[in-house]
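# Results of the structural survey
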Amino acid sequence: YANAAHCAIVEVNVDTGEVEVLDYGVVHDAGTLVNPAMADGQLLGGIVHSLGAALYEIFAYSETGQPLSGSYLNYLVPRSTEIPPIKIGHMCSPSPFTALGAKGMAEGGGPVPALIASAVEDALKPLVIRITTSHIAPEGILSLIQEARAAEG
């Protein structure tokens with residue numbers, strides 16, 4: 001199995017609830033890399049896809065179960081202008097179980113929603129906000145900010 005560590009720096013607009021990812025880094029160990037460019041592409045794709053899940057994409061349904069997010073007009077995905085600089089580092093601890101020392105790689109974007117939630121909590125630390133969902137929409141963040149401010153008095 002591959003291993004990775006991800007980190008992110010975010011900025012939260014307390015007036016709108018919008019989250020901007022300013023910087024992103026990942027260090028990944030997939031053993032011996034057979035094709036380093038492909039490994040980078042898989043990591044970038046997985047991270048961007050997961051950023052979309054954390055900050056943009058949501059499957060919304062009406063009370064009768066009809067999809068409300070049936071097109072890109074109302075199902076948002078991250079555009080190139082919203083993708084932060086992503087720094088990738090590779091470590092190599094070869095697998096003793098494969099001929100080349102390679103490990104499974106997948107796309108490496110799994111921890112992104114939890115990472116972004118933690119980064120947003122850290123950015124809003126003075127307000128003591130706790131995020132309990134993996135999808136962080138601006139209206140949800142704004143609601144948490146307003147609740148925290150109301151509780152302060």
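Now for a quick tour of the structure. (Residues numbered from 1 in each chain as written. Predicted model: local features only at pLDDT ≥ 70, side-chain atom pairs only at ≥ 80, totals over all residues. Heavy atoms only, no water.)

The next point concerns the pairing of strand S3 (residues 86–91). Bridge count for strand S2 (residues 19–29) against S3 is 6 bridges, and the pairing is parallel. If you follow Asp29 over to S3, its bridge partner there is Met91. (Pairing = 2+ DSSP bridges. Helix = DSSP H or I, 4+ residues; strand = E, 2+ residues; numbered from the N terminus.)

This part takes up the side chain of Glu121. Among the secondary structure elements, Glu121 is positioned in helix H2 (residues 112–123). The contact partners of Glu121, leaving out residues within four places of it in the chain, are Ile129, Arg130 and Ile131. (Contact = heavy atoms within 4.5 Å.)

Taken together, the 3 strands give an open sheet; going across it, the order is S1-S2-S3, and neighbouring strands pair in mixed fashion. One side of each edge strand has no neighbouring strand; the edge strands of this open sheet are strand S1 (3–12) and S3. Along the sheet, successive strands turn relative to each other by an average axial angle of 10 degrees, direction set aside. (Axes fitted to C-alpha atoms, helices over the stretch in contact; angles between N-to-C directions.)

Another point: the packing of helix H1 (residues 36–55) against H2. Relative to each other, H1 and H2 sit at 55 degrees, their axes nearing to 8 Å. Regarding the angle of H1 to H2, the classification is oblique. The handedness of the crossing between H1 and H2 is right-handed. The segment H1 lies against H2, with Ile47, Ser50, Leu51, Ala54 and Leu55 engaging Val112, Pro113 and Ile116. (Parallel < 35°, antiparallel > 145°, perpendicular 65-115°, else oblique. Left-handed = near helix turned anticlockwise from the far one by under 90°.)

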